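Structural features, examined
In case you want the letters, here they are:
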2 protein chains.
Amino acid sequence: MTRLNSGMLPGSAAIGQRSLGDPSRSFPLLPVIVDGCPATSTDAMQYPLEIAYDYDKVDRSLFDQAPLPGLSRWAPLLPPLADGLSMGEGGTPLVDAEEFGREIGVKGRLWLKDESRNPTWSHKDRLNYCVVSAAIASEARGIAVASSGNHGAAAAAYAARAGLPCAVIVAQNMPDAYLRLITSLGAHVIASPTESRWTVLRRIVDEAGFMPASNLTRFHTGNPYGPEGYKTIAYELFLQLGRSVPSTVLAPTGYAEMLFGVWKGFQELKNLGLTDRVPRILSAEPATRGPLARAVSSNEPATEVDGPASIAMGISCSVSSWRGVVALENSRDRALTSSEDTFQDMRRRLAARGLYQEFSGVAGLAAAKEASERGVELDGDVVAILTSTGLKDAELLAPPDNLYNLDSLDTLIAELQRI
Amino acid sequence: MTRLNSGMLPGSAAIGQRSLGDPSRSFPLLPVIVDGCPATSTDAMQYPLEIAYDYDKVDRSLFDQAPLPGLSRWAPLLPPLADGLSMGEGGTPLVDAEEFGREIGVKGRLWLKDESRNPTWSHKDRLNYCVVSAAIASEARGIAVASSGNHGAAAAAYAARAGLPCAVIVAQNMPDAYLRLITSLGAHVIASPTESRWTVLRRIVDEAGFMPASNLTRFHTGNPYGPEGYKTIAYELFLQLGRSVPSTVLAPTGYAEMLFGVWKGFQELKNLGLTDRVPRILSAEPATRGPLARAVSSNEPATEVDGPASIAMGISCSVSSWRGVVALENSRDRALTSSEDTFQDMRRRLAARGLYQEFSGVAGLAAAKEASERGVELDGDVVAILTSTGLKDAELLAPPDNLYNLDSLDTLIAELQRI
């Protein structure tokens, strides 16, 4: 394994790790705090941290550029990034889906931000570019992550690029496409029952000196560096919509790291004077659990819920995070949940229009449909973030029923003549 | 199915279909000629057509833009494109791989053009955006294609976006990931023995009035509109390398449509006065067949070869095309072939650096390695085009051997401590 040995990119305006439990409390940028805010967390509740910046150091002309791939272009507004680590993440297309929006009840103009165009074909590449950079800055011996798939794949890829070992703890029933991806990327993969995965992660962190790229606390706090990567989705949307912001963004939501990152990115645009309004950010969870929706409706900082796992594996979470409540601005109207049937329906309908996403990937569309059925108006520019390719969880699909062979060719041709 | 009904984008400088067998022979833009050049083809040899342009109509300031996704930005240099059909194809990142280049013997600086960032995660989206546009312009009743996978997926996706029916003829042993992708995209899929697939395609074209997106002749001629889409790879490389052209481009090669398109794109840059030199374009075929390498070495316009199928399914072709000979400028030194072992080795090594490609996708790297072993110098900026994600043919991989469970956790941790 060749270690990346080129140092950190200059120009980051990051100044510290700030508590989201009490924003008056800050900590230095290093060491990375991987157990939640030490000042505000208790046994009953754990609060995450974010990265704080000296925005006066950020030149607004940073936004006089095209939203191309390669997140190092946003270095001033990101934590310190490792030089040479980028694999052209981000800069994902915004696909016009106005007509499809009408079909699912969106009043305004629907746009799809297709994150399956990233290096490992999910949004998680943005997060792991930042986390693996933090691991390099920390001189961590490796990266460790417990993951339903996308997070593990992205961590493995960036660790591979960095020349760092990577351990990925996965569910015993993880689809084979994920497994082959993550093992091919050179990670050590540990299949573990769900209830043991945090213990396994903790051991690898403590005993092997690996940096966790995922969470170690009961309520989700995660790695403070990760969600910063998602801010770039907001920056790109601003540029892709002609230096304007959408009315609404719908984000597939598990532990709400992307939800928070996108929300924070738009807040920054406002604070930098680039926009005078911010979009409404809506969370899209599977209704089988939906811990964030539960938390905001019961006015709690986080909850733990029972309920069956969702087919949307990537966001089938039992606990929520304070980050989610912050991003929803504590509004229960912004927490949407969708039925399993709606996930199935949205995946099918989107593919019939040319875009093939895994079940988690269509959560934003499922939420848009449920919102419109509940009379919530989605007007103006409405963005649904698509998070990951349908190639990864395809084994969860029913076997195809539209197959022909030479024996049925005459039937098919007759059918095609009638279309 | 909702038909796309928004007409064609303005601005194309295309003027006709020109014979590659005799460039003095031209035909109108419509109807699309899907059987090769009628003037120069014989029973023994079939010549393809290309699209001709009035370059005087093309404003050079077209190249004063960033290489973002969305090929409609190149409308002047492409055939007429359907409005609203784009799904943000192209604009794929150019990933720095200098160190990996050293590892495989590249003297210069290796760059990877990662085409797995396209809408259906392969380069074929560029081609099918143009072909489905031609089908719309022609008022074809649907699209038909015989494909090893990537071509079928991309045709199905763009047909779905256009609201046109699509029939895809596939091999009986096509990997399941491909099958689920193509069927999910709404295509009618016909599994056929290899020897019957052209007959099936011909019947669907003749009897159902579908436009072929793939080939109908013995030697490959294909759809004249398709390869034009690949020219945009050359335009993007020119901009991504700071308005300069690489010394060498290595292109995975089946029927040489991409090879020809990339070559033509660079020729156009030169003709437009944007560069004074053009790169050497090298073809990368599997050595088990390699019909193009055979054709140029025996000085024939095209050949048919025997030989076992390659694990690089997408480029495991028995016949070649005149397009390939044109793109190689008839130079036998530019036709590279690689062993099956080299494909295996390159896929593994590239994934160990963070990028997971299918076997066809690493052909350019395999060729680079074989070239350097044969003493062919690859200096300056060297670009290998990666064509498609490893998620598609993952079932061809050996089962992973680096898996752990709770029973072997102590062993793993001891191992991680030693790394």
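Rules used throughout
- Residues numbered from 1 in each chain as written.
- Chains lettered and ligands numbered in written order.
- Predicted model: local features only at pLDDT ≥ 70, side-chain atom pairs only at ≥ 80, totals over all residues.
- Heavy atoms only, no water.
- Buried < 20%, exposed > 50% of the residue type's maximum accessible area, 1.4 Å probe, protein only.
- Helix = DSSP H or I, 4+ residues; strand = E, 2+ residues; numbered from the N terminus.
- Contact = heavy atoms within 4.5 Å.
- Expected span 1.5 Å × (residues − 1).
- Arc of directions from axis to C-beta.
- Core = buried A, V, L, I, M, F, W, Y, C linked by side-chain atoms within 4.5 Å.
- Least-squares fit on C-alpha atoms with pLDDT ≥ 70 in both.
- Pairing = 2+ DSSP bridges.
- Axes fitted to C-alpha atoms, helices over the stretch in contact; angles between N-to-C directions.
- Buried area = accessible area lost by both parts, 1.4 Å probe.
- Salt bridge = Lys/Arg side-chain N within 4 Å of Asp/Glu carboxyl O.
- Polar contact = N/O pair within 3.5 Å; in protein donor to acceptor, adjacent residues only side chain to side chain.
- Nonpolar A, V, L, I, M, F, W, Y, C, P; charged D, E, K, R; others polar.
- Parallel < 35°, antiparallel > 145°, perpendicular 65-115°, else oblique.
- Left-handed = near helix turned anticlockwise from the far one by under 90°.

An unreviewed UniProt entry lists chain A under the name Pyridoxal-phosphate dependent enzyme, with Flavimaribacter sediminis given as the organism.

Of all nine residues that make up helix α4 (residues 176-184) of chain B, seven are buried, and the element is covered over most of its length. Within α4(B) the residues assigned to the buried category are A177(B), Y178(B), L179(B), R180(B), L181(B), I182(B) and T183(B). Those residues of α4(B) that are buried lie in contact with β14 (403-405) of chain A together with α3 (150-162), β7 (166-171) and β8 (188-192) of chain B. Looking one or two residues beyond α4(B), the residue adopting positive phi is G186(B), at roughly 90°.

A few words now on helix α5 (residues 197-208) of chain A. Residue and element names in this part refer to chain A. Given a rise of 1.5 Å per residue, twelve residues ought to cover 16 Å, and the 16 Å separating the end C-alpha atoms of α5 matches this to within 8%. Within the span of α5, buried status applies to R197, V200, L201, I204, V205 and A208. All buried residues of α5 lie within an arc of 130° about the axis, which places them on one face of the element. Exposed residues pointing more than 90 degrees away from the buried face of α5 are listed as T199 and D206.

Among the nonpolar cores identified, the biggest contains 292 residues, and I204(A), L365(A), I204(B) and L365(B) are the most heavily contacted of them. What I204(B) contacts, discounting residues up to four positions off in sequence, is I413(A), L416(A), A144(B), A167(B), I169(B), I190(B), G209(B) and F210(B). By size, the runner-up hydrophobic cluster in this structure holds eleven residues, among which are F27(B), I33(B), L49(B) and V319(B).

What follows covers the relation of the copies chain A and chain B. One copy of the chain maps onto the other through a rotation about an axis followed by a shift along the same axis. Take chain A, turn it by 180°, move it 0.0 Å along the axis, and it overlays chain B with an RMSD of 0.0 Å. Given the turn and translation reported, the copies of this chain are related as if by a two-fold rotation axis. Looking at the rotation axis and the C-alpha trace of chain A, the residue lying nearest is R117(A), at 2.2 Å. Mapped onto chain B, 100% of the interface residues of chain A again fall at the interface, so both copies present the same surface.

Moving on to the sheet that holds strand β12 (residues 335-338) of chain B. Residues and elements named next belong to chain B. Overall, mixed pairing links the six strands, which are arranged β4-β5-β13-β10-β11-β12 in an open sheet. Two strands close off the open sheet at either side, each with one partner strand: β4 (94-96) and β12. Neighbouring strand axes in the sheet, compared pairwise and without regard to direction, differ in orientation by 25° on average.

It is worth spelling out the sheet that holds strand β12 (residues 335-338) of chain A at this point. Sheet strands line up and pair through hydrogen bonds in the backbone, either parallel or antiparallel. Residue and element names in this part refer to chain A. Reading across the sheet, the six strands line up as β4-β5-β13-β10-β11-β12 and stay open at both edges, with mixed pairing between neighbours. The outermost strands of the open sheet, each flanked by one partner alone, are β4 (94-96) and β12. The average angle at which neighbouring strand axes cross in this sheet is 25°, direction not considered. Here three bridges tie β4 to strand β5 (residues 109-114), and the two strands are oriented antiparallel to one another. Across the sheet, residue V95 finds its bridge partner in β5, namely L112.

All right, on to the interface of chain A and chain B then. Counting residues at the interface gives 76 residues for chain A, matched by 76 residues for chain B. Across the chain A to chain B interface the summed buried area is about 6,400 Å²; carbon plus sulfur atoms make up 63%. For chain A, the biggest contributors to the area lost against chain B are W121(A), R180(A) and L391(A); these three give 11% of the whole. Where chain A touches chain B, the interface holds two salt bridges. With its nearest N and O atoms 2.8 Å apart, the salt bridge here joins D410(A) to R203(B). The tally of links between chain A and chain B comes to 26 residue pairs in polar contact (both at pLDDT 80 or more). Those elements giving two or more residues to the side of chain A that touches chain B turn out to be β4, α3 (150-162), α4 (176-184), β8 (188-192), α5, β14 and α12 (409-418) of chain A. For the side of chain A that touches chain B, the element with the highest residue contribution is α12(A), accounting for eight residues. Residues that form the side of chain A that touches chain B fall into these classes: 44 nonpolar, 17 polar and 15 charged. Across two bridges, β8(A) lies against strand β14 (residues 403-404) of chain B in parallel orientation. Bridging across to β14(B), V189(A) finds its partner in L403(B).

Turning next to the packing of helix α10 (residues 340-351) of chain A against helix α11 (residues 363-373) of chain A. Residues and elements named next belong to chain A. Direction vectors running N to C along α10 and α11 enclose 110°, while the axes themselves pass 9 Å from each other. Between α10 and α11, the crossing angle belongs to the class labelled roughly perpendicular. In this structure, α10 crosses over α11, and the sense of that crossing is right-handed. Here T342, F343, D345, M346, R349 and L350 of α10 come into contact with α11, specifically with A363, L365, A366, K369 and E370. Partitioning the contact of α10 with α11 into residue classes produces six nonpolar, one polar and four charged.

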